Amino acid sequence: MDFYCALGPAASRAGYRLEVFTALGSTNDEAMSRVAAGDPGRLWIVAATQSRGRGRMGRVWTSPPGNLYASLLLIDPAPPSRVAQLGFVAGVALIDALRAMTADDPRIRLKWPNDALCDGAKISGLLLEGASLRNGQFACVVGIGVNCQNSPGDAPYPTASLRSIGAASADRAALFAALSDRFAHWLEFWARGDNFAAIRAAWLERAGGIGEMARVTRNGQTLEGLFQGIDAQGRMLLERTGGTIETIEAGDVAFGAQNP
């Protein structure tokens, strides 16, 4: 299988590197293996297909040919207490890249914490993983899967692809070039967490479902309320009956008739 992929010009100038594979078990696993080998980071791993792709909570990420599977390895991108903010940085960059492929389609929105949806159908997912190093630094891998040409038909929630929504281009190489550039921009803007307030504002501008009824499943329990955005730490704000606000650090979110 011929598979071409290249960094965007801004990412190249910023010193990012890229390795492209025809097939891998998982781009995240490959990136984590580079941590053990002492890689200095700012390394993108991209594969044409995956045989063991995964999403949050160990769920299988179906990985047919034609879609984008990419992971970015970063070494010591921020103090460990701020590393979770990278998910929001990545989400903002991802929406910008997807909109660049769709003539700035306003239907493409973020669902907390960092899924990308189009009219409520999932078009992309993100997985953040990390490991502490012996030298005291922290390695972080940001894995991103985007449905470019295909979307799974057996998922428990609506799915879409760039092709199915009529994007101007569903080319994964073009999407990756845009993504690598936007990620480089927002990562620098984030300033190791010193500028998370601006990232939060950018995330909220791209978010869907604010003010809508949401269901959050966590630890086997389901909570319902109005989604009122995220707080200064990125936690979900859920307005319960009576106007009380509950902050949620983790959980599966669904709006309307969606499944989480």
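As the structure is a prediction and not an experimental result, all values here were calculated from the model. (Residues numbered from 1 in each chain as written. Predicted model: local features only at pLDDT ≥ 70, side-chain atom pairs only at ≥ 80, totals over all residues. Heavy atoms only, no water.)

### Considering the overall build of the chain
Phase 1: Each helix and strand counted, the chain has five helices and twelve strands in total.
Phase 2: Since a compact globule built from 260 residues should have a radius of gyration of about 18 Å, the 18 Å found for the chain is in line with a globular shape.
Phase 3: When the backbone C-alpha atoms are referred to their principal axes, the chain occupies close to 55 × 45 × 35 Å.
Phase 4: Counting only residues that meet the buried cut, the chain has 52% of its 260 residues in that class.
Phase 5: A separation of at least 24 residues holds for 62% of the contacts in the chain among residues at least 6 apart in sequence.
Phase 6: Only carbon and sulfur atoms are counted for the fraction: they give 49% of the accessible area of the chain, which is about 11,300 Å².
Phase 7: Here the chain carries 25 positive and 25 negative side-chain charges, and the mean point of each set is 2 Å from the other. (Helix = DSSP H or I, 4+ residues; strand = E, 2+ residues; numbered from the N terminus. Rg over C-alpha atoms; globule rule 2.2 N^0.38 Å. Buried < 20%, exposed > 50% of the residue type's maximum accessible area, 1.4 Å probe, protein only. Contact = heavy atoms within 4.5 Å. Areas by Shrake-Rupley, 256 points an atom, 1.4 Å probe, with all protein chains shown as cover. Lys, Arg positive; Asp, Glu negative; His and termini not counted. Charge placed at Lys NZ, Arg CZ, Asp CG, Glu CD.)

### Some remarks on helix H3 (residues 86-101)
Phase 1: Spanning 16 residues, H3 covers 23 Å between terminal C-alpha atoms, matching the ideal 22 Å at 1.5 Å per step.
Phase 2: Most of H3 sits inside the fold, with 15 of its 16 residues counted as buried.
Phase 3: Within two residues after H3, Ala 103 carries a phi angle of roughly 55°, on the positive side. (Expected span 1.5 Å × (residues − 1).)

### Some thoughts on the sheet that holds strand E8 (residues 213-218)
Phase 1: Strands sit in the order E11-E10-E9-E8-E12 across an open sheet of five strands; the sheet is antiparallel. At either end of the open sheet lies a strand with only one pairing partner, and these are strand E11 (245-248) and strand E12 (252-255). Across this sheet, the average inter-strand angle for adjacent strands is 45°, counted without regard to direction.
Phase 2: Inspection of the sheet shows E8 paired to strand E9 (residues 221-230) by six bridges, in the antiparallel sense. Across the sheet, residue Arg 215 finds its bridge partner in E9, namely Glu 224. (Pairing = 2+ DSSP bridges. Axes fitted to C-alpha atoms, helices over the stretch in contact; angles between N-to-C directions.)

### Focus on the pattern of salt bridges
Phase 1: What the rule picks out here adds up to 13 salt bridges.
Phase 2: Here Arg 34 ties to Glu 19 by a salt bridge, and the two come within 2.7 Å at their closest N and O atoms. Here Arg 34, found in helix H2 (residues 27-36), pairs with Glu 19, found in strand E1 (residues 17-24); they are 15 residues apart in sequence, far enough to count as distant.
Phase 3: Accessibility expressed as a relative area gives 16% for Arg 34, which makes it buried.
Phase 4: Residue classification places Glu 19 among the partly exposed residues on the basis of a relative accessible area of 28%.
Phase 5: In this structure, Arg 218 and Glu 246 form a salt bridge, with 2.6 Å as the shortest nitrogen-oxygen distance. Taken together, the residues span a long stretch of sequence, with Arg 218 in strand E8 and Glu 246 in strand E11 at a distance of 28 residues.
Phase 6: Linked through salt bridges whose partners overlap, the residues forming this network are Asp 96, Arg 182, Glu 205 and Arg 206. (Salt bridge = Lys/Arg side-chain N within 4 Å of Asp/Glu carboxyl O.)

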